[in-house]
Amino acid sequence: MDNKQPTPGEWAIMGGGALALVASFLEFAGDTSAWGEGAFPIVTLIPLYALVMALQVALTKFANVRLPDRVLGFTWEQVHLVLGIFATVMALFWLITADDTGIGAILLLLGAAAACAGAFMLQRERTTGAIG
Amino acid sequence: MNNVKLSPANIVILAAGVVMLIGSFLDFYEVDGFGGSFGFNAWDSDAFFPVTFIPVLCGVAMALHVALTTFAKVQLPERVLGMGWNQIHIALGFQAAIMMIAFLIHDKGPLDIAIGFWLMLLAGIALLVGAVMREREPAAA
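Everything quoted here is computed from the prediction, not taken from an experiment.

Quick notes on the rules
- Residues numbered from 1 in each chain as written.
- Chains lettered and ligands numbered in written order.
- Predicted model: local features only at pLDDT ≥ 70, side-chain atom pairs only at ≥ 80, totals over all residues.
- Helix = DSSP H or I, 4+ residues; strand = E, 2+ residues; numbered from the N terminus.
- Buried ≥ 20, exposed ≤ 12 C-beta atoms within 10 Å, placed from the backbone.
- Contact = placed C-beta atoms within 7 Å.
- Pairing = 2+ DSSP bridges.
- Expected span 1.5 Å × (residues − 1).

### Quick word on the overall build of chain B
Piece 1. Looking only at helices and strands, one finds four helices and five strands in chain B.
Piece 2. Starting at the N terminus and ending at the C terminus, chain B contains elements arranged as α-β-β-α-β-β-α-β-α.
Piece 3. Based on the C-alpha atoms only, the size of chain B along its principal axes is roughly 60 × 35 × 20 Å.
Piece 4. For chain B, the proportion of its 141 residues judged to be buried stands at 40%.
Piece 5. In chain B, once contacts between residues fewer than 6 apart in sequence are set aside, the share between residues at least 24 apart is 78%.

### Things to note about the pairing of strand β1 (residues 27-33) of chain B
Residues and elements named next belong to chain B.
Piece 1. Sheet topology note: the β1/strand β2 (residues 36-41) ladder contains six bridges and is antiparallel. Each bridged residue has a counterpart across the sheet, and for G33 the counterpart in β2 is G36.
Piece 2. Connecting the antiparallel pair β1 and β2 is a turn made up of two residues, with F34 showing a positive phi of about 50 degrees.
Piece 3. Relative to strand β5 (residues 112-113), β1 runs antiparallel, the two sharing two bridges. Within the sheet, the bridge partner assigned to E30 lies in β5 and is D112.

### Section: helix α2 (residues 53-70) of chain B
Piece 1. Spanning 18 residues, α2(B) covers 25 Å between terminal C-alpha atoms, matching the ideal 26 Å at 1.5 Å per step.
Piece 2. When we look at burial in α2(B), the residues that qualify are B:I54, B:P55, B:V56, B:C58, B:G59, B:M62, B:A63, B:H65 and B:V66.
Piece 3. Against α3 (76-97) of chain A together with α1 (8-25), α3 (85-105) and α4 (115-136) of chain B lie the buried residues of α2(B).

This is the structure in structure tokens:
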């Protein structure tokens, strides 16, 4: 089996991260994006979390970059899980609280949720024992 | 004799969780206008509730875990989603701290920071410090 072929979980993380990045430049609420005045950096945390997840997968899968096995005592699978859950919760709560939400807010939630789902799939694919 | 003993890290987490909860009921932002000053606490949608609820939730969950396992001797699973409790504390403490720092930096427009915000910021940072201390403490016998 080609080891470079991403698994479904890895695809979900990379796709979710890319979607969240694109969404972060679209209208989040009112006239502002996730990088705009009033939203930066509190909303920007969402695409940043998703981007870290996507970059870690892409770099290790395609660029053969060697990253440390653990970050602050967390395995990368655990980092993905934590970032994915928090990104999704933040995106969901912003969608609830923000007035006049734009397409960027909705796509941000979809991207974060996809990355989060990918993080859960990754636990099964790499048999971490975290779920199931 | 009461042999309940809290480690320094758990004291920090417990205190920070309480401060976070109290701070959430005090004014998060205030704004001058209409002949007076008006405040919004972290439970008010004008102060971005439920986003502001996330650091509160993190702090309360951490403090509750410490209180339940120390005082009520509640037996919780050793791992949740494959993570040990020290890792969960670090994840929650990191999220609480980073969100409060982000709230501090972001452009608040006409809103001014109020006492509840400062208490929550302080508590968020203390939660992360407590979580790191907890990780470095020798495991309880």
